[in-house]
Amino acid sequence: MEATREKLVTDIKTLLADAEALFRQAAEGSGQQAQELRRRAEAALEQARARLETIQDDFVRRARDTAYATDEWVHHNPWSSIGLGAGLGLLIGFLIARR
């Protein structure tokens, strides 16, 4: 998950740098060349938007699957869930008390 996030950040930074360069070239160019550069920049931004939507959908699906699996585990292991919750509560309480 972390590698996907880092790759996404790298891809977005690269895309933004490319789009910025294309817009800069479009501002310097004229007529047909400027239109072509703008079209390429818009295509690059659309590609990034599609990639972000894909990653967002994947993240939402994984979160839903994780929530469902957790819900199932809690329903099948109620006493273990209570013990785990109590243990985590004690651990957090001790950590807060140390400060």
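Residues numbered from 1 in each chain as written. Predicted model: local features only at pLDDT ≥ 70, side-chain atom pairs only at ≥ 80, totals over all residues. Heavy atoms only, no water.

As for the pattern of salt bridges
Close approach of charged atoms lets side chains of opposite charge pair. For the coordinates displayed, the defined rule picks out three salt bridges. Between Asp 58 and Arg 61 there is a salt bridge, with the nearest N and O atoms lying 2.4 Å from each other. Taken together, the positions of Asp 58 and Arg 61, both in helix H2 (residues 31-76) and three residues apart, correspond to about one turn of that helix. Classification of Arg 61 as partly exposed rests on a relative accessible area of 43%. For the salt bridge of Arg 61 with Asp 65, the shortest nitrogen-to-oxygen distance reads 3.6 Å. Of the two residues, Arg 61 and Asp 65 are both situated in helix H2; the distance of four residues between them amounts to about one turn of the helix. Classification of Asp 65 as partly exposed rests on a relative accessible area of 43%. What you see here is one network of salt bridges that share partners, running through Asp 58, Arg 61, Arg 62 and Asp 65. (Salt bridge = Lys/Arg side-chain N within 4 Å of Asp/Glu carboxyl O. Helix = DSSP H or I, 4+ residues; strand = E, 2+ residues; numbered from the N terminus. Buried < 20%, exposed > 50% of the residue type's maximum accessible area, 1.4 Å probe, protein only.)

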